[in-house]
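Secondary and tertiary structure notes
Each chain, written out:
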Amino acid sequence: MSAFMGEVIGTMILIVFGGGVVAGGNLKKAFSNGGGWIVVTIAWGLAVTMGVFAVGSISGAHLNPAVTIALAITGDFSWNQVGPYILAQMIGAFLGACIVYLHYLPHWGATKEPGAKLAVFSTAPAIPHTFSNILSELIGTFMLVLGLLFIGANSFTEGLNPIAVGLLIVVIGMSLGGTTGYAINPARDLGPRIAHFVLPIAGKGTSNFKYAWIPVVGPILGGSLAAIVYTYLFKGVLLSSFWMVIGVNILVLLLAFYMTKEESKSISQNAA
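Computed from a predicted model, the values in this text were never measured in an experiment.

So, the pattern of salt bridges
All chains considered together, the criterion is met by one salt bridge. The salt bridge partner of aspartate 189 is arginine 193, with a shortest N-O separation of 2.7 Å. A residue pair is termed a helical-turn pair when its members lie 3 or 4 positions apart in one helix, as aspartate 189 and arginine 193 do in helix α9 (residues 186-198) at four residues. You can call aspartate 189 buried: its relative accessible area is 0%. Residue classification places arginine 193 among the buried residues on the basis of a relative accessible area of 0%.

Given below as structure tokens:
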């Protein structure tokens, strides 16, 4: 199997299990309806574990564009392969979402709330607030990539590495996921969101592409920041991209802060 197909299949497995647990909790008539946040976070951790077990020896099991970009920044992955890996991850996430749709086929019509259906495919903020939302995704992915680099720096008995990665996903979900649903992965959010848009889901409503840029940009910023911080603090190497990454993070956060202020003004004016 090629590394490209490895990323397709690994990311597909991730979404089948991860999106599947959300579907089971959200969709009416499912026996698992109302399973709760703890069930979701544990299942997403196991989903990542299974994806890594499946293709870790084939592609390295990035399964996440933010991880791919971060590893390219640290020099552990070739920039020439970044584009193909991200494409593979997007395809895998889209296919995984389609499988979840088919698996729960009669449940979409039985569920009336469009938001509950969209949540199976993509994330949304608990409180819409552009600056805080992008900051949440940035922090969550920063901790994800930093944690992955910590895990990679240690020696594990063969087969335990994917379990450690899965536990990292669980703790991020339990501690930091309650604000935005912790996409922490652009492909995980955008691929299934596109599937939601194109699939004939009964009463699905909007795919909320207005929000879609946040779980794409936030994770890339957070992963890139983790890459340069880890390399500097733990390896004593100041990468040539250090100040560029810092600058882009600051610039985007300032833009998000400005957008949030404008949104607040608009809400106040409408309320008046």
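Some words on the layout of surface pockets
Approximately 250 Å³ is the volume found for the second largest pocket. Lining the second largest pocket are Pro125, Pro128, His129, Thr130, Asn133, Lys210, Tyr211, Trp213, Ile214, Met259 and Glu263. Elements that contribute at least two residues to the lining of the second largest pocket include exactly α7 (130-152) and α11 (242-271). Class assignment of the residues belonging to the lining of the second largest pocket gives a composition of six nonpolar, three polar and two charged.

Points about unusual backbone geometry
A positive phi angle is found at lysine 29, which is not glycine, with a value near 75°. Within the fold, lysine 29 resides in the loop between α1 (3-26) and α2 (37-59). Given a relative accessible area of 69%, lysine 29 falls into the exposed group. The phi angle at tyrosine 182 is positive, at roughly 40°, despite the residue not being glycine. Residue placement: tyrosine 182 occurs in the loop between α8 (161-176) and α9.

Considering helix α4 (residues 82-103)
The terminal C-alpha atoms of α4 lie 32 Å apart, and with 22 residues this matches the ideal 32 Å at 1.5 Å per residue to within 8%. In the core, the buried residues of α4 are packed alongside α1, α2, α3 (65-74), α5 (107-110), α6 (114-121) and α9.

Section: the environment of isoleucine 9
When you line up the elements, isoleucine 9 lands in helix α1. On the accessibility criterion, isoleucine 9 (24% relative accessible area) is partly exposed. Spatially, the C-alpha atoms of isoleucine 9 and leucine 253 are 34 Å apart, while their sequence positions differ by 244 residues.

Description of the side chain of arginine 188
Examined against the element boundaries, arginine 188 turns out to sit in helix α9. The charged side chain of arginine 188 is buried without a salt bridge, its nearest counter-charge being aspartate 189 at 4.7 Å. Within the local environment of arginine 188, its side chain forms a polar contact with the backbone oxygen of phenylalanine 121, the two atoms lying 3.2 Å apart. With residues up to four places along the chain from it excluded, the contact list for arginine 188 reads Ile15, Trp44, Phe121, Ser122, Thr123 and Ala183.

Regarding the nonpolar core
Ranked by size, the top nonpolar core spans 66 residues in total, and within it Trp44, Trp108, Val120 and Phe121 carry the most contacts. With eight residues, α7 is the single largest residue contributor to this core. For tryptophan 44, the residues in contact, after removing those within four places along its chain, are Leu14, Ile15, Gly18, Gly19, Val21, Val22, Ile169, Tyr182 and Arg188.

Thoughts on helix α10 (residues 214-235)
Every α-helix winds through 3.6 residues per turn, so residues three or four apart in the chain are directed the same way. For α10, spanning 22 residues, the distance from its first C-alpha to its last is 30 Å, which sits close to the expected 32 Å at 1.5 Å a residue. In the segment just after α10, glycine 236 is the residue with positive phi, at about 70°.

A look at the packing of α1 against α4
Between α1 and α4, the least distance of the axes is 7 Å, while the angle of their chain directions is 35°. Crossing hand, α1 versus α4: right-handed. Looking at the contact of α1 with α4 residue by residue, the classes come out as 17 nonpolar, six polar and one charged.

Topic: the side chain of threonine 74
Mapped onto the secondary structure, threonine 74 falls in helix α3. Residue classification places threonine 74 among the buried residues on the basis of a relative accessible area of 16%. Excluding residues that lie within four positions of it along the chain, threonine 74 makes contacts with Ala227, Thr231 and Leu239.

Considerations on the packing of aromatic side chains
Going through the model one piece at a time under the given rule, you end up with 11 aromatic pairs. Consider the rings of phenylalanine 150 and phenylalanine 234, whose centres lie 5.1 Å apart with planes at 65°: the pair is edge-to-face. Residue phenylalanine 150 is located in helix α7, and its partner phenylalanine 234 is located in helix α10; the two are separated by 84 residues in the primary sequence. For phenylalanine 150, a relative accessible area of 33% puts it in the partly exposed group. Site record: aromatic cluster; members linked through ring pairs are Tyr101, Trp108 and Phe121.

Basis of the calculations
Residues numbered from 1 in each chain as written. Predicted model: local features only at pLDDT ≥ 70, side-chain atom pairs only at ≥ 80, totals over all residues. Heavy atoms only, no water. Salt bridge = Lys/Arg side-chain N within 4 Å of Asp/Glu carboxyl O. Helix = DSSP H or I, 4+ residues; strand = E, 2+ residues; numbered from the N terminus. Buried < 20%, exposed > 50% of the residue type's maximum accessible area, 1.4 Å probe, protein only. 1 Å grid on protein atoms, 1.4 Å probe; cavity = no way out; pocket = protein on both sides within 12 Å on 5 of 7 lines; lining within 4 Å. Points joined across faces, edges and corners; volume = space filled by probe spheres on them. Nonpolar A, V, L, I, M, F, W, Y, C, P; charged D, E, K, R; others polar. Expected span 1.5 Å × (residues − 1). Contact = heavy atoms within 4.5 Å. Lys, Arg positive; Asp, Glu negative; His and termini not counted. Polar contact = N/O pair within 3.5 Å; in protein donor to acceptor, adjacent residues only side chain to side chain. Core = buried A, V, L, I, M, F, W, Y, C linked by side-chain atoms within 4.5 Å. Axes fitted to C-alpha atoms, helices over the stretch in contact; angles between N-to-C directions. Left-handed = near helix turned anticlockwise from the far one by under 90°. Phe/Tyr/Trp six-rings, centres within 6.5 Å; stacked < 30°, edge-to-face > 60°.

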